[in-house]
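Structural description and commentary
Here is how the chains run, residue by residue.
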Amino acid sequence: MVFVCIGIVKKYSNFVGSPIFLNGSQINRVEALWLKDPKGVEAQMHEDFYRFVSGSYDRPRFVLHFATDAPLNLRCLLYVPEGKPGLFEMSRDAQVGVSLYSRKVLIKNKADNIIPQWLRFLKGVVDSEDIPLNLSRELLQEGVVIRKLRTVVTNRLLRFLQERAQKESETYLKFYKDYGMFLKEGIIIENEQLHKEEISKLLRFESSTKASGEATSLPDYLSRMQPAQKDIYYLAAPSRELAERSPYLEALREKAVEVLFCFEPYDEMVLLQLRQFDGKPITSVEKEMRQMKDDVDLNSMRKVRLKFVVHLKIGCFL
């Protein structure tokens, strides 16, 4: 019975402000780190708390610790693991690693409704005083407050990752190598184009104007587009070598048009789902070249037809 009581307290009331004693010993000793000022939390404190909430033995790769008062009262502490995701974590059946609290009281462990499923690799805690302690299961799934919370947390995380990509490019590229699949999944399953494009800012591709192994982003591609260029071009190929030898690439190189390379089969599917970025259509080089060939063939047919018509008219007057 004692162990049952300890388990219940540690699961639901581990972080409440008042000490809880059982048989003369305090059993709620873990500090609610997410309520502290982020500037006052040391790296070792984050490592210890990360291991507590995740049940892992690695350390956090990135730490997002923030608080907001509008549109919701929110205290949030999220971790991106240092270790690579396992096969189970890659599965869409895997549970999310973020718990929902209200005033330090657990509302739901592994709350899959407060972050999108494609962010299931995150570990941590979200606490909001705007969530009632007696929140029903229906409101937990569909409530307005939960939807707002989900939007705020997701947008803040995307902005955080974009900042890391700018300020810690090498560290971000290592993260992208390990966790980029989750971002691509997000583009595929999100319904709103605006959400797809926000996630797509985090994508990285090799390019025809960059050295092998050097990655670029869609916003950077846009900054280098030719003045008259209307489309973002990509080429799907199994390797850089094959991409460089493609006759489709050579045709655009002659026009000084940059082409993004898709080496993974699902990369092209992601771009097909994205469709456009910042108003610019995303177009396969092969499709563009076939269209150009069709236009050339059509123009040739028109010229032949015109010559034939002229020849007939001249023949009528002879």
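For the structure, check the block above.
The paragraphs below set out a description of the structure included in this document. Quick caveat, the model's predicted, so the values are computed rather than measured. (Residues numbered from 1 in each chain as written. Predicted model: local features only at pLDDT ≥ 70, side-chain atom pairs only at ≥ 80, totals over all residues. Heavy atoms only, no water.)

Examining the overall build of the chain
For the chain, the count of helices and strands is 12 helices and 12 strands. A burial count over the chain gives 42% of its 318 residues as buried. The contacts of the chain with a sequence gap of at least 6 include a subset with a gap of at least 24, amounting to 63%. A total of about 18200 Å² of accessible surface is found on the chain, and carbon and sulfur atoms cover 54% of it. (Helix = DSSP H or I, 4+ residues; strand = E, 2+ residues; numbered from the N terminus. Buried < 20%, exposed > 50% of the residue type's maximum accessible area, 1.4 Å probe, protein only. Contact = heavy atoms within 4.5 Å. Areas by Shrake-Rupley, 256 points an atom, 1.4 Å probe, with all protein chains shown as cover.)

A word on the side chain of Asn73
The topology assignment puts Asn73 in the loop between strand S3 (60–68) and strand S4 (74–81). What Asn73 contacts, discounting residues up to four positions off in sequence, is Thr68, Asp127, Ser128, Glu129 and Asp130.

A word on the sheet that holds strand S11 (residues 276–277)
Read across the sheet, five strands follow the order S8-S10-S9-S12-S11 without closing on themselves; strand pairing throughout is mixed. Either end of the sheet is taken by a strand with one partner, and the two such strands are strand S8 (206–207) and S11. Here four bridges tie strand S9 (residues 232–236) to strand S10 (residues 259–262), and the two strands are oriented parallel to one another. Paired with Leu235 across the strands is Phe261, a residue of S10. Set on the sheet, helix H11 (residues 265–274) makes contact with S9, S10, S11 and strand S12 (280–284); between it and S9 the angle comes to about 155 degrees. (Pairing = 2+ DSSP bridges. Axes fitted to C-alpha atoms, helices over the stretch in contact; angles between N-to-C directions.)

Some thoughts on the packing of helix H5 (residues 144–167) against helix H6 (residues 169–189)
One way to put it is that H5 packs onto H6 with a least axis distance of 5 Å and a crossing angle of 125 degrees. With respect to each other, H5 and H6 are oriented oblique. Where H5 abuts H6, its residues Leu161, Arg164, Ala165 and Lys167 lie against Ser169, Tyr172 and Phe175. Here the contact of H5 with H6 is composed, by residue class, of four nonpolar, one polar and two charged. (Parallel < 35°, antiparallel > 145°, perpendicular 65-115°, else oblique. Nonpolar A, V, L, I, M, F, W, Y, C, P; charged D, E, K, R; others polar.)

Here's the deal with the sheet that holds S4
Two orientations exist for strands paired in a sheet by backbone hydrogen bonds: parallel and antiparallel. Ordered in space as S3-S4-S7-S5-S6, the five strands form an open sheet in which the pairing is mixed. Where the open sheet ends on each side, the last strands, each with one partner, are S3 and strand S6 (105–108). Direction aside, the axes of adjacent strands within the sheet are offset by 25 degrees on average. Summarising the sheet, S4 and strand S7 (residues 123–127) pair through five bridges and their orientation is antiparallel. Along S7, the bridge assignment pairs Cys76 with Val126. Of the strands in this sheet, S3, S4, strand S5 (97–102) and S7 touch H5, which is tilted by about 130 degrees from S3. Contacts between H6 and the sheet are confined to S3 and S4, with S3 contributing the most and set at about 100 degrees to the helix.

Considering the pattern of salt bridges
Tallied over the full model, the rule gives 15 salt bridges. Notably, a salt bridge pairs Arg59 with Glu47, separated by 3.8 Å at the nearest N-O pair. Note that Arg59 is positioned in the loop between helix H2 (43–54) and S3 and Glu47 in helix H2, a separation of 12 residues in sequence. Looking at Arg59, the relative accessible area reads 45%, which means it is partly exposed. Lys108 is the partner of Asp112 in a salt bridge, and the nearest nitrogen-oxygen pair spans 3.2 Å. A single network of salt bridges, built from pairs that share partners, joins Glu206, Arg240, Glu244 and Arg253. (Salt bridge = Lys/Arg side-chain N within 4 Å of Asp/Glu carboxyl O.)

Some details on the nonpolar core
The biggest cluster of nonpolar side chains holds 64 residues, and the ones touching the most others in it are Leu100, Leu122, Val126, Leu149, Phe175 and Ile232. At nine residues, H5 tops the list of elements feeding residues into this core. Beyond its immediate sequence surroundings of up to four residues, Ile232 is in contact with Leu218, Tyr221, Leu222, Met225, Leu260, Phe277, Lys280, Pro281, Ile282 and Thr283. Of all hydrophobic cores here, the second largest spans 11 residues; its members include Leu33, Phe49, Tyr79 and Leu106. (Core = buried A, V, L, I, M, F, W, Y, C linked by side-chain atoms within 4.5 Å.)

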